[in-house]
Amino acid sequence: MAVTLTATDYLSMGDAAVLEFDPSADSFTICHWIKIGNLTGFASVFSKMLNSIPYQGWESTIFTDERPWFYAVQVWSTKAYRAKSLTALTLNTWQHVCWVWTPAGVTLYIDGISIALDVDTNTPMDASGHVAEIACVGRRNGVTGGMVGEISDVRLYNRALSVQEVVTIPTLKGIDH
């Protein structure tokens, strides 16, 4: 079922241990169907990131240029990884976005197609420990990064999905979007 978000709406996932990932050692995958509306600022899609310095955590975001961005941060900006898509999403159109993270970096897929990225990275990350922040869909925990649009079928895997798995997800039947 799709959820409509209006910049102030969001879904809280809590501060569950299952949502904890150490970017220096763990692999994980974030996938979601998204239909972006009007962007007036950055739109946090799925986030478990502190909303103030040191901005520790991870996040899938869409910026005002309609490009997906991904962050894995221990301390902004000295121990951080940021990847920006070189391809913009199409506003008001359902698209499947999937970020596959490994300690070596991240790969982005839009509708099952691997997308080129502009990557910035700083000092390699070490064991990050617990990020004392709740995970949210639709914005960061706090008042920033509210998303306008619809989101459906948000998935978080505790491993890097294979290319075949990522390519298959957008073709699955029964997903309501």
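Look up a bit, the structure's there.
Residues numbered from 1 in each chain as written. Predicted model: local features only at pLDDT ≥ 70, side-chain atom pairs only at ≥ 80, totals over all residues. Heavy atoms only, no water.

Engineer: Requested: an account of the state of the cysteines, with residues and values cited.
Structural biologist: Note on terminology: a disulfide is the covalent bond linking the sulfur atoms of two cysteines. Under the counting rule described, the total for this entry stands at 1 disulfide. Covalently, cysteine 31 is tied to cysteine 98 through a disulfide, its sulfur atoms 2.3 Å apart. Note that cysteine 31 is positioned in strand β3 (residues 28-36) and cysteine 98 in strand β8 (residues 95-102), a separation of 67 residues in sequence. Given the relative accessible area of 0%, cysteine 31 is considered buried. (Disulfide = S-S within 2.5 Å. Helix = DSSP H or I, 4+ residues; strand = E, 2+ residues; numbered from the N terminus. Buried < 20%, exposed > 50% of the residue type's maximum accessible area, 1.4 Å probe, protein only.)

Engineer: Any chance you could break down the side chain of histidine 96 for me, citing the residues and the numbers?
Structural biologist: Take histidine 96: it is sitting in strand β8. Relative accessible area serves as the criterion here: at 1%, histidine 96 is assigned to the buried category. Once you skip the residues sitting within four places of it in the chain, histidine 96 turns out to touch Cys31, His32, Trp33, Tyr109, Ile110, Asp111, Ile169 and Pro170. (Contact = heavy atoms within 4.5 Å.)

Engineer: Mind laying out the environment of aspartate 22, listing which residues take part and the relevant values?
Structural biologist: Mapped onto the secondary structure, aspartate 22 falls in the loop between β2 (11-14) and β3. Once the C-alpha coordinates of aspartate 22 and proline 103 are considered, the two residues, 81 residues apart in sequence, prove to be 8.8 Å apart.

Engineer: Tell me about the sheet that holds strand β6 (residues 68-75), residues and numbers included.
Structural biologist: One open sheet holds the 7 strands; their spatial order is β2-β12-β4-β5-β6-β7-β11, and the pairing between them is antiparallel. Taken across any chain shown, the strands that pair with only one partner, and hence form the sheet edges, are β2 and β11 (117-121). When strand polarity is set aside, the average angle formed by the axes of neighbouring strands in this sheet is 10°. Here 6 bridges tie strand β4 (residues 43-49) to strand β5 (residues 57-62), and the two strands are oriented antiparallel to one another. Bridging from a neighbouring strand, serine 47 pairs with glutamate 59 of β5. (Pairing = 2+ DSSP bridges. Axes fitted to C-alpha atoms, helices over the stretch in contact; angles between N-to-C directions.)

Engineer: So what's going on with the packing of aromatic side chains? Which residues, and what values?
Structural biologist: A full pass over the atoms with the stated rule returns 10 aromatic pairs. Their ring planes at 85° and their centres at 5.1 Å tell us that phenylalanine 46 and tryptophan 58 sit as a pair that is edge-to-face. Of this pair, phenylalanine 46 sits in strand β4 while tryptophan 58 sits in strand β5, placing them 12 residues apart in sequence. When its relative accessible area of 2% is taken as the criterion, phenylalanine 46 is described as buried. A relative accessible area of 2% places tryptophan 58 in the buried class. Where phenylalanine 70 meets tryptophan 99, the ring centres are 5.5 Å apart and the plane angle is 35°; that geometry is what we call tilted. Of the two residues, phenylalanine 70 sits in strand β6 while tryptophan 99 sits in strand β8, which places them 29 residues apart along the sequence. Across this residue pair, the class does not change: phenylalanine 70 and tryptophan 99 are buried. A connected cluster of aromatic rings, assembled from ring pairs, spans Phe28, Phe46, Trp58, Phe70, Tyr81, Trp99 and Trp101. (Phe/Tyr/Trp six-rings, centres within 6.5 Å; stacked < 30°, edge-to-face > 60°.)

Engineer: Residues and numbers for unusual backbone geometry, please.
Structural biologist: The phi dihedral of asparagine 92 falls on the positive side, at around 60°, and the residue is not glycine. Note that asparagine 92 resides in the loop between β7 (79-85) and β8. Among the residues examined, asparagine 92 registers a relative accessible area of 54% and is labelled exposed. Positive phi, close to 50°, is recorded for aspartate 153, a residue that is not glycine. With respect to the secondary-structure elements, aspartate 153 resides in strand β13 (residues 148-157). With relative accessibility at 23%, the residue aspartate 153 sits in the partly exposed group.

Engineer: Can you break down the sheet that holds β13 residue by residue, with the values?
Structural biologist: A sheet is described by the order of its strands in space; here 6 strands give the open sequence β1-β13-β3-β8-β9-β10, paired in antiparallel fashion. Here the strands that pair on one side only, and so sit at the sheet edges, are β1 (3-6) and β10 (113-115). Neighbour-to-neighbour, the strand axes of this sheet turn through a mean angle of 30°, independent of strand direction. The pairing of strand β9 (residues 105-110) with β10 spans 3 bridges and is antiparallel. Looking at the pairing, isoleucine 110 lines up with isoleucine 113 of β10.

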